[in-house]
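Residue-level listing of the chains:
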Amino acid sequence: LLGLHTKKIGQNLHYEETVDSTQKIAHRLAQEGAVEGTVIVAEEQTAGRGRLARKWYSPKYTGVWMSIILRPAIPPQHAPQLTLLAAVAIVQAIQEVTNVLPDIKWPNDILVNNKKLVGILTEMQADVEQVHSVIIGIGINVNQKLEHFDSDIQHLATSLSIEEQKEVNRAALMQAIFLKMESLYEDYLENGFGLVKHLWESYSISIGKRIIARTLKATIEGHAKGITNDGVLLLEDDNGTVHHIHSADIELSSK
Ligand code: BTN
């Protein structure tokens, strides 16, 4: 990526044609001591991983499939903040490079017209007190046509080129993401989570709305009030009880 004006993110870039999962490679490199800001990017993944043990389709030359290694000095419970930081950076970068206006769905989906455009998978290596590395996996559907998606997910997924009706330059998009991420990350290390939290809430489609959250244990409907500093969703039900949602699939309620 010629002319990349970042200090850290993307300066150590591993480019691969085909890998099983950039996330897996990033874990290995982090273990071996890779510097902060190391990025692994691939044209194709044969075993791309999504959240909740789901598969992530990563066909050749169509998307941005990459993993970024960060080494913040934070306690493990703050690691989800970096997922939110990445989401904000990606939304800003997409708005800069295209005319698409995506929004964020808690915890880590980026959608346009309610269809999935980007997935983020954050994993870490840590002990109880301190994070050793956070690995942020980012999958962006860029130049897929509708028929590239399996027919059963065509109504759920989209790409930047479907939305823009023209091809989008993947390298330009990556550069924009690295720059946005770096400036948000510098602010985060210096001043904490405040700016990211504020921006994230402003891009979120769920905050301030009535939603349904399906957790492993229960389905709760109510008003999404905001997120905590640990990235936990605050959901107030009709009895006024505020639930702390750590993991769930959410959708907007039609009521
Ligand atoms: C999700 O379930 O929404 C998260 C999807 C994350 C996909 C990206 S693609 C690059 C990186 N490598 C992987 O195997 N997964 C992440």
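In this text, all values refer to a predicted model and were calculated from it rather than measured experimentally.

**Student:** Can you tell me about the sheet that holds strand β10 (residues 233-236), naming the residues and giving the values?
**Tutor:** Pairing within the open sheet is antiparallel, and its 5 strands lie in the order β11-β10-β9-β8-β12. Of all the strands in the sheet, just β11 (242-245) and β12 (249-252) have a single pairing partner and so form its edges. Across the sheet, the mean angle separating the axes of adjacent strands is 45 degrees when strand polarity is ignored. Note: strand β9 (residues 219-227) against β10, 4 bridges, orientation antiparallel.

**Student:** With reference to specific residues and values, describe the pairing of strand β5 (residues 109-112).
**Tutor:** Bridging between strand β4 (residues 103-105) and β5 involves 3 bridges; their strand directions are antiparallel. Bridge pairing in β5 places K105 opposite D109. Here β4 hands over to β5 after 3 residues, the two strands then running antiparallel side by side. The pairing of β5 with strand β6 (residues 115-126) spans 4 bridges and is classified as antiparallel. Its bridge partner being in β6, V112 is matched across the sheet by K115. Remark: 2 residues form the turn of the hairpin made by β5 and β6, two consecutive strands paired antiparallel; N113 in that turn has positive phi of roughly 50 degrees.

**Student:** Any details on the domain arrangement of the protein? Residues and values, ideally.
**Tutor:** What the domain assignment lists for the protein is domain 1 (13-203) and domain 2 (210-252). Of note, the centres of domain 1 and domain 2, computed from C-alpha atoms alone, are 24 Å apart. With 12 residues of domain 1 at the interface, the matching set in domain 2 holds 7 residues. If you list the elements that add at least two residues to the side of domain 1 that touches domain 2, you get α2 (80-97) and α5 (194-203). Sorting elements by how many residues they give to the side of domain 1 that touches domain 2 places α2 first, with 4 residues.

**Student:** Lay out the packing of α2 against α5 in plain terms, naming residues and giving numbers.
**Tutor:** Contact geometry for α2 and α5: axes closest at 9 Å, N-to-C directions at 60 degrees. In this view, α2 runs oblique relative to α5, as classed from their interaxial angle. The element α2 and its partner α5 pack so that their crossing is left-handed. Contacts between α2 and α5 involve Q81, L84, L85, A87, V88 and V91 from the first element and V196, L199, W200 and Y203 from the second. Broken down by class, the residue content of the contact of α2 with α5 amounts to 9 nonpolar, 1 polar and no charged.

Reading the values: the criteria
- Residues numbered from 1 in each chain as written.
- Predicted model: local features only at pLDDT ≥ 70, side-chain atom pairs only at ≥ 80, totals over all residues.
- Pairing = 2+ DSSP bridges.
- Helix = DSSP H or I, 4+ residues; strand = E, 2+ residues; numbered from the N terminus.
- Axes fitted to C-alpha atoms, helices over the stretch in contact; angles between N-to-C directions.
- Domains from an automatic or database assignment.
- Contact = placed C-beta atoms within 7 Å.
- Parallel < 35°, antiparallel > 145°, perpendicular 65-115°, else oblique.
- Left-handed = near helix turned anticlockwise from the far one by under 90°.
- Nonpolar A, V, L, I, M, F, W, Y, C, P; charged D, E, K, R; others polar.

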